[in-house]
Amino acid sequence: MQKRLGIDFYTKPSADVARELLGKRIIHNTPDGSALSGKIIETEAYTGPHDKASHAYGGKRTPRNRAVWTRGGHVYIYMVYGMYWQFNISTYIEGVPECVLLRGVLPENGDVAKANGPGKLCRYFKFDKSLYGVDLTQSDTVWIEDTGEMLDDKDIIATGRIGIDYAGKYWARRKLRFLAKDFENKLVKYRA
């Protein structure tokens, strides 16, 4: 039996949540009436105001990043390059701006190439700004379920994060990106 993830799951440090999200199932009931779902297979953790790659680095608070300052379990979605949505989940406790970026999902139809990057994932799942600030523990529109699948450390690859060279070598190389090992080649092969 699958169960929606609750507050206790999300109110942990982002690196823990990022690892534990692997193998969980995300569901989106879209405005057009379709239901889309898939298994989370790649994540990245952003660890708060000391993390130079975080939108909250140095304690920065803006209208754009207010959702990352909320209690864990809220959607923090924003656009990059004027064309790609990025779906993040706030983690930890209110007032501590940590989050997890969803980087890759295996859709129910099995076509990993449809959702193997943050922008492609948002296009496939029809995620947009209307989800900003949504509470995943309460929403009937988007939520994450525990499938009962538990990945061991041997089933997870931890690497440096992607596309954050601006934050410096230390932050770019920290192993805060997590992949389900069975999908590593497919994620890399098809990423645009």
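Everything quoted here is computed from the prediction, not taken from an experiment.

Trainee: Looking at this structure, how should I read helix α2 (residues 14-21)?
Mentor: Buried within α2 we find S14, V17, A18 and L21. The arc that holds every buried residue of α2, seen down its axis, measures 100°, which confines them to one face. Just downstream of α2 lies G23, where phi reads positive at about 95°.

Trainee: I'm lost on the layout of surface pockets in this one. Help?
Mentor: Summary: where empty space remains is shown by rolling a probe the size of a single water molecule over the atoms. The computed volume of the largest pocket comes to approximately 640 Å³. Considering the residues around the largest pocket, the lining is formed by 29 residues, among which V80, Y81, Q86, R103 and P118 are closest to the centre. Looking at the lining of the largest pocket, the elements that each hand over two or more residues are β3 (35-46), β4 (75-80), β5 (84-91), β6 (98-107) and α3 (118-125). Per-element accounting of the lining of the largest pocket gives the leading share, four residues, to α3. By residue class, the composition of the lining of the largest pocket is 16 nonpolar, eight polar and five charged. In this structure, the second largest pocket encloses a volume near 170 Å³. Along the walls of the second largest pocket sit F9, R19, E20, L22, K24, D146, E149, M150, L151, D153 and I156, which together make up its complete lining.

Cut-offs and rules
Residues numbered from 1 in each chain as written. Predicted model: local features only at pLDDT ≥ 70, side-chain atom pairs only at ≥ 80, totals over all residues. Heavy atoms only, no water. Buried < 20%, exposed > 50% of the residue type's maximum accessible area, 1.4 Å probe, protein only. Helix = DSSP H or I, 4+ residues; strand = E, 2+ residues; numbered from the N terminus. Arc of directions from axis to C-beta. 1 Å grid on protein atoms, 1.4 Å probe; cavity = no way out; pocket = protein on both sides within 12 Å on 5 of 7 lines; lining within 4 Å. Points joined across faces, edges and corners; volume = space filled by probe spheres on them. Nonpolar A, V, L, I, M, F, W, Y, C, P; charged D, E, K, R; others polar.

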